[in-house]
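# Architecture and fold: a report
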Amino acid sequence: MPTFSLVRTPPLPPAEAWRRLTEWPRHADAVPLTRIRVLTPAPTREGTRFVARSGLGPLTVDDVMEVTVWRPPAGDEGGLCRLEKRGRTVLGWAEIEVLPGPGGRSRVVWREELRVRSLPRAFDGALEWTSRRMFGRAADRLLRRA
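One numbering rule holds for all chains: residues counted from 1, following each sequence as written. Local features are withheld for residues below a pLDDT of 70 in this predicted model, meaning they are given only at 70 or higher, and side-chain atom pairs are given and counted only at 80 or more; totals for whole chains, interfaces and linings count all residues. Remark: hydrogens and water are excluded; side-chain values derive from all non-hydrogen atoms of the structure.

### Considering the environment of Arg132
Every helix listed is a DSSP run of H or I at least four residues long, and every strand listed is a run of E at least two residues long, numbered separately from the N terminus. Following the sequence through the fold, Arg132 ends up in helix α3 (residues 124-144). Since its relative accessible area comes to 28%, Arg132 is described here as partly exposed. The sequence separation of Arg132 and Gly101 amounts to 31 residues, and the corresponding C-alpha distance is 22 Å. Whether two residues are in contact is decided by their heavy atoms, any of which lying within 4.5 Å being enough. The residues contacting Arg132, other than those within four sequence positions of it, are Phe4, Ser5 and Leu6. Whether a residue is buried, partly exposed or exposed follows from its accessible area with a 1.4 Å probe, protein chains only, as a fraction of its type maximum: under 20%, in between, or over 50%, in that order.

As structure tokens, then:
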């Protein structure tokens with residue numbers, strides 16, 4: 001099961017970085033061929049569920065996620081959001097941590113453990129490489145856009 005992490009230090013205060021990374025529908029703008037549907041009423045909190053559907057036509061995969069930790073940044077304290085992947089095909093978890101960084105910036109740490117059901121372990125390296133690049137680009141886009 002591939003696990004990877006990304007670190008970014010955007011020129012944003014922690015509250016703004018958090019907002020940009022945890023507005024789930026915005027992820028569809030940052031991940032190609034993906035739509036996001038939030039399944040529970042706003043606001044986001046523990047228990048919020050959403051699905052990211054990626055692909056074209058009949059070749060789609062649903063990544064169903066549930067927020068299991070929701071601790072937004074407050075004052076000098078960083079924030080942590082943990083998502084458990086609850087779908088039939090995509091399994092694992094993701095964590096988005098937003099910490100105060102140098103010079104009023106944020107330090108964002110995105111950790112993810114990803115498994116695709118029925119995909120042989122021989123593909124773990126390729127899955128990790130692809131995921132690291134895809135999620136890294138998504139994080140960069142989300143942190144750049146207002």
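### A closer look at the layout of surface pockets
Residues are called lining when one of their atoms sits within 4 Å of a cavity or pocket point, these points coming from a 1 Å grid over the protein atoms alone, where a cavity is a set in which a 1.4 Å probe fits but cannot get out and a pocket is an open set with protein on both sides within 12 Å along at least five of seven lines. Grid points are joined across faces, edges and corners, and a volume is the space filled by probe spheres set on the points. A volume near 610 Å³ is recorded for the largest pocket. Every element with two or more residues in the lining of the largest pocket is listed here: β2 (34-38), β3 (49-56), β4 (59-71), β5 (79-86), β6 (90-100), β7 (106-116) and α3. Among the elements that line the lining of the largest pocket, the one with the most residues is α3, at six residues. As a working rule, the residues Ala, Val, Leu, Ile, Met, Phe, Trp, Tyr, Cys and Pro are called nonpolar, Asp, Glu, Lys and Arg charged, and the rest polar, with Gly in that last group. Tallied by class, residues from the lining of the largest pocket come to 21 nonpolar, six polar and three charged.

### Notes on the packing of aromatic side chains
Both the distance between ring centres and the angle between the ring planes are used here to describe each pair of aromatic rings. Two rings belonging to Phe, Tyr or Trp (six-membered ring only in the last case) form a pair when the distance between their centres is within 6.5 Å. Interplanar angles under 30 degrees mark stacking, angles over 60 mark edge-to-face geometry, and anything in between is tilted. Scanning all chains against the criterion turns up four aromatic pairs. Pairing Trp24 with Phe50 gives two aromatic rings, centres 4.6 Å apart and planes at 15°, and the pair type is stacked. One end of the pair, Trp24, is in the loop between α1 (14-22) and α2 (27-30); the other, Phe50, is in strand β3, and 26 residues separate them in sequence. For Trp24, a relative accessible area of 3% translates into the label buried. Taking the centre distance of 5.7 Å and the plane angle of 40° together, the rings of Trp110 and Phe135 count as tilted. Remark: Phe135 occurs in helix α3 and Trp110 occurs in strand β7; sequence separation between them is 25 residues. A relative accessible area of 4% means that Trp110 is categorised as buried. Each residue in the set Phe4, Trp110 and Phe135 is aromatic and connected to the rest through ring pairs, giving one cluster.

### A closer look at the sheet that holds β5
Whenever strands of a sheet pair, they do so through backbone hydrogen bonds, lying parallel or antiparallel. In this scheme, strands are said to pair when DSSP sees at least two bridges between them. One open sheet accounts for seven strands, arranged β1-β7-β6-β5-β4-β3-β2; its pairing is antiparallel. A strand with exactly one partner marks an edge of an open sheet, and here the two such strands are β1 (3-8) and β2. Taking the axes of each pair of neighbouring strands and ignoring which way they run, one obtains an average angle of 20° across the sheet. Taken together, the six bridges between β4 and β5 define a ladder with antiparallel strand orientation. Paired with Met65 across the bridge in β5 is Lys85. Each axis is a line fitted through C-alpha atoms, and for a helix only the stretch in contact is used; angles between axes span 0 to 180 degrees, taken between their N-to-C directions.

Shape descriptors only; they carry no functional weight alone.
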